[in-house]
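# Observations on chain architecture
Read off the chains here:
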Amino acid sequence: MINKVVIYIGLWLIAAGCISNAALGQSNHSNPWAPTDIGPLPPIASLNDGVWLKGDLHLHSAHSKDASNNSVGKIIAFSLSVGMDYICITDHDNHVGGDVAHNTWADPEFKSDSLLLLYGGEWTTTRGHGNVFSARPYDHQRLYDVRDQRDVVIGAIKKELGIHLSANHPSGKDHFGFSYDMVNSIEVWNSAIWSKNANAIMIWDDMLSSGRKLTGRGGSDSHHGTPTGSEQPTKNTYQARANYVGTPTTWVFATSRTLQAVVDALTNGRVCVSANPYAPRVEFYADLDQDGKMDMMMGDNTKATGKPVKFRVQLTGHTVADSTYTIKIVKNGDDFRTLQATGKMPMVEFTDTPATIGRTYYRVEVEGPATAYPQVPLSSTLSGNMVGLSNPIYFNFDPNF
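Since this is a predicted model, take the numbers as computed values, not measurements.

## Digging into the overall build of the protein
What the protein contains, in helices and strands, is seven helices and 19 strands. Considering only C-alpha atoms, the protein reaches an extent of 110 × 50 × 35 Å along its principal axes. If you take every contact in the protein between residues at least 6 apart in sequence, the share linking residues at least 24 apart comes to 72%. Carbon and sulfur atoms make up 54% of the accessible area of the protein, which totals about 18,200 Å². Separation of charge centres in the protein, based on 33 positive and 39 negative side chains, amounts to 3 Å.

In structure tokens:
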């Protein structure tokens, strides 16, 4: 009888101990995905050996059935007239059964001695739209053929083709319904109507905050040109005065004036977006050791050291005289600081300390007086006070994520 009592007491103590441990929240669980020191990162590329190039990454010519009075030649001529360096004509692939190569690219007008013409098309599917950017012709038909397959199949084809795939207008009509792990960039500014992009910005911040280093870029998504010669106006002709080439304009800091350098800069995130070709360019830099010399720019990624970093935002180009620009700093998806800048070349600086463990990113949005765009006169009113935005500067982002 005594032995049974001892056994019962022992079992009770064991059970009580288990309950006590559970109550105290003790656990042997270790999260294998918890933030850790990610080790050395690739060196930052030069801030001096490069050239700023501006262009438009979402354009439709007459090879898209929903476009009008907008020949390839007209788009190229207009682009040159407003100082563009590159463009990508992205006609709807479903309008030609996926055969972009024998339509847009085969057009006799698809040529220029001075304007860089990227190869691309708008991947138009039942799950949304994406743009392809490439420095050379690729087999777009293969991407079109798998448009309704599972993401893993599409991703494999995209990798085989060696293309840059970008999510178009990710929210609203024709939103991007595929995995963002398949894309290299996201269209955060579609058309001259800035206000309709709020959800796209939210999605971008969600992707960035979760570790996806996705470049934010713009695209006018323009379809309609101004009638010339024997061309007749259509019900959509008015759009050419409000949204056309360069509304918005995407700037890339490329290592050279070549097609591949444009695609590489876009992939690497050395990119900013302006309301039009004449609006100021938003440049965003970081001085890691605060010696007065900038060490990295938007798109760059480095390890945080635990020391404060000085950041610089400057507007370059056609600023409006005697005006004030509002510069909003976004950190990890949240509003961090709002600053004011004036002068011929408006510039502000701020200091912050990125976390040593875990990811941190900073990006910039700029508001201020609209810059006139005489060739597309109604675009400025649609953009409102939005002047431009930068891509992020990154800390502790895993390049193998």
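## Digging into the state of the cysteines
Scanning the model with the defined rule gives zero disulfides in all. Free cysteine: Cys-88, not disulfide-bonded; nearest cysteine sulfur from Cys-272 at 19 Å. Look at Cys-88 and you get buried, because its relative accessible area is 0%. Owing to a relative accessible area of 0%, Cys-272 belongs among the buried residues under this scheme.

## Remarks on the environment of Ser-68
For Ser-68, the location among the structural elements is in the loop between strand 1 (51-59) and helix 2 (72-81). The buried category is assigned to Ser-68, whose relative accessible area is 13%. Along the chain, Ser-68 and Gln-232 lie 164 residues apart, while their C-alpha atoms are 9.3 Å from each other. Excluding its chain neighbours within four sequence positions, the residues that come into contact with Ser-68 are His-223, His-224, Gly-225 and Thr-234.

## Quick notes on empty space enclosed by the protein
Going through the model one piece at a time under the given rule, you end up with one cavity of 30 Å³ or more. In this structure, the largest cavity occupies an estimated 60 Å³ of space. In terms of lining, the largest cavity is formed by Thr-247, Ala-275, Asn-276, Ala-279, Pro-369, Ala-370, Thr-371, Ser-379, Ser-380, Ser-383, Met-386 and Val-387. At the level of elements, helix 7 (379-383) and strand 18 (386-390) are the ones that each hand at least two residues to the lining of the largest cavity. Considering every element that reaches the lining of the largest cavity, the biggest residue donor is helix 7, with three residues. Split by residue class, the lining of the largest cavity holds six nonpolar, six polar and no charged.

## Considering the pairing of strand 7 (residues 215-219)
Side chains on a regular strand alternate between the two faces of the sheet. Extensive coverage of strand 7 is indicated by the burial of five of its five residues. Where burial is concerned, the two faces of strand 7 agree: the one with Thr-215, Arg-217 and Gly-219 and the one with Gly-216 and Gly-218 are both buried. Looking at chain direction, strand 6 (residues 185-190) and strand 7 are connected through five bridges and run parallel. Counted as the bridge partner of Ile-186 is Gly-216 from strand 7. Since strand 6 and strand 7 lie parallel, the crossover through helix 5 (residues 198-209) that links them has a hand, and here it is right-handed.

## A look at the pattern of salt bridges
Within this structure, the stated rule accounts for 17 salt bridges. Where Lys-173 meets Asp-174, a salt bridge forms, and the shortest distance between an N and an O atom there is 3.0 Å. Residue Asp-174 is classed as partly exposed on the basis of its relative accessible area, which comes to 30%. For Glu-365, the salt bridge is made with Lys-328, and the minimal N-O distance between the two is 3.5 Å. Taken together, the residues Glu-365 in strand 17 (residues 360-367) and Lys-328 in strand 14 (residues 325-331) connect sequence positions 37 residues apart. In the salt-bridge network here, residues are joined through shared partners; they are Asp-205, Lys-328, Asp-335, Arg-363 and Glu-365.

## Comments concerning the nonpolar core
In this structure, Ile-87, Tyr-180, Ile-186 and Leu-389 are the most contacted members of the largest nonpolar core, which totals 53 residues. For this core, the secondary-structure elements that each account for two or more residues are helix 2, strand 2 (86-89), strand 3 (116-125), helix 4 (151-161), strand 5 (164-167), strand 6, helix 5 and strand 18. In terms of residue count, helix 5 provides more of this core than any other element does, five residues in total. Contact partners of Leu-389, with chain neighbours within four places excluded, come to Val-188, Trp-189, Trp-194, Ile-201, Cys-272, Val-273, Val-282, Val-364 and Glu-365. Phe-284, Val-313, Val-348 and Phe-350 belong to the second largest nonpolar core, which has 31 residues in total.

## Regarding helix 6 (residues 259-268)
Three or more residues of helix 6 are buried, namely Leu-259, Ala-261, Val-262, Val-263, Ala-265 and Leu-266. Just beyond helix 6, the residue with positive phi is Gly-269, at close to 85°.

## Some thoughts on the layout of surface pockets
By volume, the largest pocket is sized at about 840 Å³. Lining the largest pocket are 34 residues; nearest its centre among them are Lys-213, Thr-267, Asn-268, Gly-299 and Pro-399. Elements that contribute at least two residues to the lining of the largest pocket include exactly strand 8 (249-254) and helix 6. For the lining of the largest pocket, the element with the highest residue contribution is helix 6, accounting for five residues. When its residues are assigned to classes, the lining of the largest pocket shows 16 nonpolar, nine polar and nine charged. Taken as a whole, the second largest pocket encloses approximately 560 Å³ of empty space.

Thresholds applied
Residues numbered from 1 in each chain as written. Predicted model: local features only at pLDDT ≥ 70, side-chain atom pairs only at ≥ 80, totals over all residues. Heavy atoms only, no water. Helix = DSSP H or I, 4+ residues; strand = E, 2+ residues; numbered from the N terminus. Contact = heavy atoms within 4.5 Å. Areas by Shrake-Rupley, 256 points an atom, 1.4 Å probe, with all protein chains shown as cover. Lys, Arg positive; Asp, Glu negative; His and termini not counted. Charge placed at Lys NZ, Arg CZ, Asp CG, Glu CD. Disulfide = S-S within 2.5 Å. Buried < 20%, exposed > 50% of the residue type's maximum accessible area, 1.4 Å probe, protein only. 1 Å grid on protein atoms, 1.4 Å probe; cavity = no way out; pocket = protein on both sides within 12 Å on 5 of 7 lines; lining within 4 Å. Points joined across faces, edges and corners; volume = space filled by probe spheres on them. Nonpolar A, V, L, I, M, F, W, Y, C, P; charged D, E, K, R; others polar. Pairing = 2+ DSSP bridges. Right-handed = clockwise from strand over helix to strand, strands pointing away. Salt bridge = Lys/Arg side-chain N within 4 Å of Asp/Glu carboxyl O. Core = buried A, V, L, I, M, F, W, Y, C linked by side-chain atoms within 4.5 Å.

So yeah, pure geometry; function would need other evidence.
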